[in-house]
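# Coordinate inspection notes
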Amino acid sequence: MPAQILDGKVISQEIIQQVRAQVDARVAGGKRAPALAVVLVGSDPASQVYVGNKKRQCANAGITSIAHDLPADTTEADLIALVQQLNADDAVDGILVQLPLPGHINAEKIIELIDPNKDVDGFHPYNIGRLALKMPLLRPCTPRGVMTLLEKTGIDLVGKDAVVVGASNIVGRPQALELLLARATVTVCHSKTRDLAEKVRNADVVVAGVGIPNFVKGEWIKPGAIVIDVGINRLDNGKLCGDVEFEAASQNAAWITPVPGGVGLMTVATLMQNTFDAAVKLNP
Ligand SMILES: Nc1nc2c(c(=O)[nH]1)N[C@@H](CN(C=O)c1ccc(C(=O)N[C@@H](CCC(=O)O)C(=O)O)cc1)CN2
Ligand SMILES: [Mg+2]
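Given the structure is predicted, the values throughout are model-derived calculations rather than measurements.

Quick notes on the rules
- Residues numbered from 1 in each chain as written.
- Chains lettered and ligands numbered in written order.
- Predicted model: local features only at pLDDT ≥ 70, side-chain atom pairs only at ≥ 80, totals over all residues.
- Heavy atoms only, no water.
- Near = heavy atom within 4 Å.
- Polar contact = N/O pair within 3.5 Å; in protein donor to acceptor, adjacent residues only side chain to side chain.
- Areas by Shrake-Rupley, 256 points an atom, 1.4 Å probe, with all protein chains shown as cover.
- Helix = DSSP H or I, 4+ residues; strand = E, 2+ residues; numbered from the N terminus.
- Nonpolar A, V, L, I, M, F, W, Y, C, P; charged D, E, K, R; others polar.
- Core = buried A, V, L, I, M, F, W, Y, C linked by side-chain atoms within 4.5 Å.
- Buried < 20%, exposed > 50% of the residue type's maximum accessible area, 1.4 Å probe, protein only.
- Contact = heavy atoms within 4.5 Å.
- Pairing = 2+ DSSP bridges.
- Axes fitted to C-alpha atoms, helices over the stretch in contact; angles between N-to-C directions.
- UniProt positions renumbered as here; feature names shortened; annotations may be inferred.
- 1 Å grid on protein atoms, 1.4 Å probe; cavity = no way out; pocket = protein on both sides within 12 Å on 5 of 7 lines; lining within 4 Å.
- Points joined across faces, edges and corners; volume = space filled by probe spheres on them.

Take the site of ligand 1 next. Residues in contact with ligand 1 amount to 19 residues; listed here are only the nearest, Asn-53, Lys-54, Asp-121, Arg-234 and Gly-261. Leu-99 places a polar main-chain atom, nitrogen or oxygen, 3.0 Å from a nitrogen atom of ligand 1. Backbone polar atom of Gly-261 to an oxygen atom of ligand 1: 2.7 Å apart, as the coordinates give it. Bound to the protein, ligand 1 loses 86% of the 680 Å² it would expose on its own. Every element with two or more residues in the shell around ligand 1 is listed here: α2 (45-61), β4 (94-97) and α10 (263-282). In the shell around ligand 1, the residues fall into 11 nonpolar, five polar and three charged.

Structure, rendered in structure tokens:
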């Protein structure tokens, strides 16, 4: 039997409606709507799509989005000044700086400058540290979105063997921390991992986030495994494809996320949750 689909479209909409209800209740109670500053530097086409989706879902969730579209030649000093201004602005609850940034800007420096209480991406070392110490506050959107997708589908992770393919700061590392928090046994694989196929073959749960189309082969997937594909790769024909061979993996897996329509949508929905959470914490 082919795998069942972990439906990011349906579950992300559920989350956004949930946030909408929370926002409406907050506004009915006399508070202003949560506000998210969305900072985009340059005109990378994929980033423009993602930022566009974020602004659209803000509108659906009742969150005010404040766009800061900056030219590609914006200096690091100018971006620092903007982040400092947003940190100090009481009308802003969340700050999102879309990645990647142009090469002349030090992304780590910018992330570290964001007030951790407004760090709705959850990338600040303070927030990653809290996640590592089992005291999460603002959690990175993609890994938290993956956990929500699994929870809402009723998939229990306790004691499962999970393999994360990719060790990036945005996906692999925080995903490993999230899975550990859910009491899975976690292996993180990266470019120097020996015999990746063997590692994946033993996994009950596979999360792929390497950014290489069809990198994880369908025949590696253990029968009955859960496959989470975080990759969003744009092919020359304009189509999107994940990091996992979808058709072949579907023959073995019990559950699988599609691309598009899977984790990407959960990332955006989780950003709405994080922005609401930040607003409540800043102004209870
Ligand atoms: N500041 C951040 N930058 C980046 C993050 C992040 O979480 N914060 N993650 C990725 C990209 N990402 C978020 O910005 C993202 C990826 C995918 C989607 C999405 O809507 N995907 C759709 C397809 C959209 C399309 O047509 O291309 C889907 O999967 O169905 C939204 C956001 C890097 N940067
Ligand atoms: Mg850089």
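On to the nonpolar core. Judged by nonpolar contacts, the single largest core of 42 residues is most densely connected at Ile-228 and Met-272. Of all the secondary-structure elements, those providing two or more residues to this core are α1 (8-28), β2 (35-41), α2, α6 (141-153), β5 (161-165), β7 (205-208), β8 (226-229) and α10. Considering every element that reaches this core, the biggest residue donor is α10, with eight residues. Apart from residues lying up to four places away in sequence, Met-272 is in contact with Ile-16, Val-19, Lys-54, Gln-57, Cys-58, Ala-61 and Ile-63.

Once that is clear, we can look at the sheet that holds strand β3 (residues 64-70). Overall, parallel pairing links the three strands, which are arranged β3-β2-β4 in an open sheet. Edge positions in the sheet fall to β3 and β4, since each of these pairs with one other strand and no more. The mean inter-strand angle of the sheet, taken between neighbouring strand axes irrespective of direction, is 15 degrees. Across seven bridges, the pairing between β2 and β3 is parallel.

This chain's UniProt record puts "domain: Tetrahydrofolate dehydrogenase/cyclohydrolase NAD(P)-binding" (unreviewed entry) on residues 140-280. A distance of 18 Å separates the end C-alpha atoms of residues 140-280, which is 38% helix and 17% strand.

Before going further, it helps to spend a moment on empty space enclosed by the protein. Per the stated rule, a full pass over the model turns up two cavities of 30 Å³ or more. By volume, the largest cavity amounts to about 70 Å³. In this structure, the largest cavity is lined by Ile-95, Val-97, Leu-99, Ile-110, Ile-111, Ile-114, Asp-119, Asp-121 and Phe-123. A per-class count over the lining of the largest cavity returns seven nonpolar, no polar and two charged. Taken as a whole, the second largest cavity holds about 40 Å³ of empty space. Around the second largest cavity, the lining residues are Arg-26, Lys-31, Arg-32, Ala-33, Pro-34, Asp-93, Ala-279 and Asn-283. Taken together, the residues of the lining of the second largest cavity break down into three nonpolar, one polar and four charged.

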